[in-house]
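Listed here are the chains, written in short residue letters.
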Amino acid sequence: MAVQARQTVLLGNLLAGGARTLEQYCKRGGGGALARAHSMAPESLIEQIEASGLRGRGGAGFPTGRKWRAVAAEAASQKFVVANGDEGDPGAFSDRFLMEDDPFRLIEAMAIAAHAVGASRGVIYLRKEYPAAAQSLDSALREARSAGWLGDSFDIELTLGQGSYICGEETAMLNSIEERRPEVRPRPPQITAQGLFRKPTLVNNVETLCAVPWIVEHGGAAYAELGFSHSRGTKLLSLNSLFRRPGLYEVEFGIPLRSVVEDLGGGLHRGQLKALMVGGPLAGLLPPRLLDTPLGHEEMQALGAAVGHGGVIAFADDTSLAEIVEQVFRFGAYESCGKCTPCHLGTPVIERMFADGARRDLARYRDLIHALAATSLCGHGRGLAEFAHSLERHFAGELATCFA
Ligand SMILES: Cc1cc2nc3c(=O)[nH]c(=O)nc-3n(C[C@H](O)[C@H](O)[C@H](O)COP(=O)(O)O)c2cc1C
C-alpha cells in the first residue's frame, strides 16, 4: 500500500517509519507543541485554532475553533475531550494508521485541547476492529502517564467501540461510552453543553485532532496558507482497491478530483471509471464528467457530494447502478440504530427494490427517500437520502432504466 504526502502536516512520522515510542516521537520533534501550549493562555490557543481554519475531518466539516470556544465558555466542574476513532466509513482507513503508527500525536493533541477548553478527562473511542491500534494506544498512554504528559490534571482512557457504524455518530458514541444502547440523542442540548454524562464535551475526530500539534507549533496562519477557499490545510485520502495505487495520501484541499484519480491513484486497474464515492456512503456519487471539481467542502456540497472522511471508492463501468444502490442501502439498513422508523424500516425496502429481478416502484422509492430526508434524527438517514438525491442528479438516465 502506498503512503504519500505532498504536504506533511499529518503523515511525517508515518513516512519516517512510525513513532510508536515516546522516545521516537520526541526525536522527530514531537512534544514541543504541548510544552508551547502549556505556556499559552487557553484563549490564545483557541484563537490559533480559529485562525487555522481547521474544520472537522470526521464528516461534517464543522469549524473546530468554534467548537473549542463553545466548550471553553461552559462553566462546569468537569468537562471531557473525546477523540472519535470509530472510523466506520467503508473505504476509510486514515485514522487507523494515525493511531497505530503515531499514537503520541493524538495524545499530545488531546492534552492541548484539554488545556484550551478546561477539560480534566479524555476518552479515545476506538473502533473495535482495530486491535493493532488498541495495542499501540494502550502502550502509548502508559508511557505518556509515566512521562508526566497525563496525570491528575488530565488523563485519557481508551474505550473500545461496540462494532456498529452508528457508534461513530457523536451522540450515539457518547451513549456507548456511558454503556447505554448506542442510539442517537435528539438535539438540543448540544454536546458542547451537555455531552458525556451530561457534562460539556469536546468531540473531535482523530484526524482533526492530529492537525493540532502542527498548528500550535507553526501557528494558525501557516496552516491557513495550505488548502484553498473555505477548506484550509490538508486532508488524508484513503484510495481503495480498484485504483492502481491504492493507499493513504495527504493532500492539500483544492486538489482536483481528476488528480486524485489519475496522479495519486494511477487510474483504475480494471475498466473505465463509472462513479466516484468520496465521503463514504452517506454522501453523493459523482460521475467522471465532474472530475475537475476541486476537493473542498462547499465545492463538493454544491454537487450534492461531500469530502466526508476522505475514503475514495471508485466504481468501474462493469458495475451496475442498481448493484451500487442495493449495496449502499444494505449497509444503511444493517447499520441503522433503529430509532427513526424511515431509516430502520424504509432502508431495507429500498435495498430489496434494487435486488436482481425485484419489482421497482419509482413513486414509492421517492416517498421513502423523502421520509428519510425529512424525519431522520441524524446524518445516517439524511446521508442515505443525499446519496439517493445524487443519483437523480448525476445518474438520472441509468436510474430511469432501473424503474423501466
Ligand atoms: C452515521 C454517522 C457515523 C459517523 N461516524 C463517524 C466516525 O466513524 N468517525 C468520526 O470521526 N465521525 C463520525 N461521524 C461524525 C460525528 O458525528 C462527528 O461529527 C465528529 O466526530 C465530530 O468531529 P469533527 O468535528 O472533528 O469532525 C459520524 C456521523 C454519522 C451521522
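Since we're looking at a predicted model, the values are computed, not measured.

Let us look at the site of the ligand. Within the structure, the ligand sits among 20 residues, and Gly-58, Lys-67, Asn-204, Asn-205 and Thr-208 are positioned closest to it. Glu-87 places a main-chain nitrogen or oxygen 3.1 Å from an oxygen atom of the ligand. When contributions to the shell around the ligand are tallied by element, the ones reaching two or more residues are strand S5 (201-205) and helix H18 (379-394). Broken down by element, the residue count for the shell around the ligand peaks at 3 residues, all from S5. Grouping the constituent residues of the shell around the ligand by class yields 4 nonpolar, 10 polar and 6 charged.

With that settled, consider the packing of aromatic side chains. In the structure shown here, the tally under the stated rule is 11 aromatic pairs. One aromatic cluster in this structure is built from Tyr-25, Phe-104 and Trp-149.

A few words now on helix H16 (residues 341-353). Under the 1.5 Å per step criterion, the end-to-end length of H16 is 18 Å for 13 residues, consistent within 8% with the ideal 18 Å. When H16 is considered as a whole, its buried residues turn out to be Pro-342, Cys-343, Gly-346, Thr-347, Pro-348, Val-349, Ile-350, Glu-351 and Met-353. Elements in contact with the buried residues of H16: helix H15 (321-335), helix H17 (362-375) and H18.

The next thing to look at is the pairing of strand S3 (residues 121-126). Burial runs high along S3: 5 of the 6 residues are buried. Pairing of strand S2 (residues 80-85) with S3, which is carried by 6 bridges, proceeds in the parallel orientation. Residue pairing across strands places Phe-80 opposite Arg-121, the latter belonging to S3. Bridge count between S3 and strand S4 (residues 155-160): 6 bridges; the pairing is parallel. Bridge pairing in S4 links Val-123 to Glu-157.

This part covers the nonpolar core. With 61 residues, the main nonpolar core has Trp-68, Leu-106, Ile-107, Met-110 and Trp-149 as its most contacted residues. It is helix H7 (residues 103-117) that contributes the most residues to this core, 11 residues altogether. Residues contacting Leu-106, with those up to four places away along its chain left out, are Ala-83, Met-99, Ile-124, Leu-137, Val-206, Leu-209 and Cys-210. Counting 30 residues, the second-largest nonpolar core is a separate cluster that includes Ala-275, Met-353, Tyr-365 and Ala-388.

On to the pattern of salt bridges, then. In total, this model carries 25 salt bridges according to the counting rule given. Here Glu-50 ties to Arg-69 by a salt bridge, and the two come within 2.7 Å at their closest N and O atoms. One end of the pair, Glu-50, is in helix H4 (residues 42-52); the other, Arg-69, is in helix H5 (residues 64-72), and 19 residues separate them in sequence. With its nearest N and O atoms 2.8 Å apart, the salt bridge here joins Lys-235 to Glu-207. Of this pair, Lys-235 sits in strand S8 (residues 234-239) while Glu-207 is found in helix H10 (residues 206-210), placing the two residues 28 residues apart along the sequence. Given the relative accessible area of 1%, Glu-207 is considered buried. The network of salt bridges with common partners includes Glu-43, Glu-50 and Arg-69.

As a further point, take the packing of H17 against H18. Contact pair H17 / H18: the axes reach a minimum separation of 8 Å and the direction vectors enclose 140°. In terms of orientation, H17 and H18 fall into the oblique class. The chirality of how H17 crosses H18 is left-handed. The segment H17 lies against H18, with Tyr-365, Arg-366, Ile-369, Leu-372 and Ala-373 engaging Gly-381, Arg-382, Leu-384, Ala-385, Ala-388, His-389, Leu-391 and Glu-392. A breakdown of the residues in the contact of H17 with H18 according to their chemical character gives 8 nonpolar, 2 polar and 3 charged.

With that settled, the discussion passes to unusual backbone geometry. The peptide bond linking Arg-187 to Pro-188 adopts the cis configuration, its omega dihedral lying at -5°. For Pro-188, the position within the fold is in the loop between helix H9 (170-177) and S5. With an omega of 5°, the peptide bond running from Pro-188 to Pro-189 counts as cis. Residue placement: Pro-189 occurs in the loop between H9 and S5. Non-glycine residue Arg-198 carries a positive phi angle of around 65°. Take Arg-198: it is sitting in the loop between H9 and S5. Classification of Arg-198 by relative accessible area gives partly exposed; the value is 44%.

Under the domain assignment, the chain is made up of domain 1 (2-224), domain 2 (227-316) and domain 3 (321-402). The C-alpha centroid of domain 2 is placed 25 Å from the C-alpha centroid of domain 1. Between domain 1 and domain 2, the contact holds 34 residues from the first and 32 residues from the second. Together, the buried faces of domain 1 and domain 2 total about 2600 Å²; carbon and sulfur atoms form 53% of this surface. The interface formed by domain 1 and domain 2 holds 18 residue pairs in polar contact (both at pLDDT 80 or more) in total.

Cut-off values and rules
- Residues numbered from 1 in each chain as written.
- Predicted model: local features only at pLDDT ≥ 70, side-chain atom pairs only at ≥ 80, totals over all residues.
- Heavy atoms only, no water.
- Near = heavy atom within 4 Å.
- Polar contact = N/O pair within 3.5 Å; in protein donor to acceptor, adjacent residues only side chain to side chain.
- Helix = DSSP H or I, 4+ residues; strand = E, 2+ residues; numbered from the N terminus.
- Nonpolar A, V, L, I, M, F, W, Y, C, P; charged D, E, K, R; others polar.
- Phe/Tyr/Trp six-rings, centres within 6.5 Å; stacked < 30°, edge-to-face > 60°.
- Expected span 1.5 Å × (residues − 1).
- Buried < 20%, exposed > 50% of the residue type's maximum accessible area, 1.4 Å probe, protein only.
- Contact = heavy atoms within 4.5 Å.
- Pairing = 2+ DSSP bridges.
- Core = buried A, V, L, I, M, F, W, Y, C linked by side-chain atoms within 4.5 Å.
- Salt bridge = Lys/Arg side-chain N within 4 Å of Asp/Glu carboxyl O.
- Axes fitted to C-alpha atoms, helices over the stretch in contact; angles between N-to-C directions.
- Parallel < 35°, antiparallel > 145°, perpendicular 65-115°, else oblique.
- Left-handed = near helix turned anticlockwise from the far one by under 90°.
- Domains from an automatic or database assignment.
- Buried area = accessible area lost by both parts, 1.4 Å probe.

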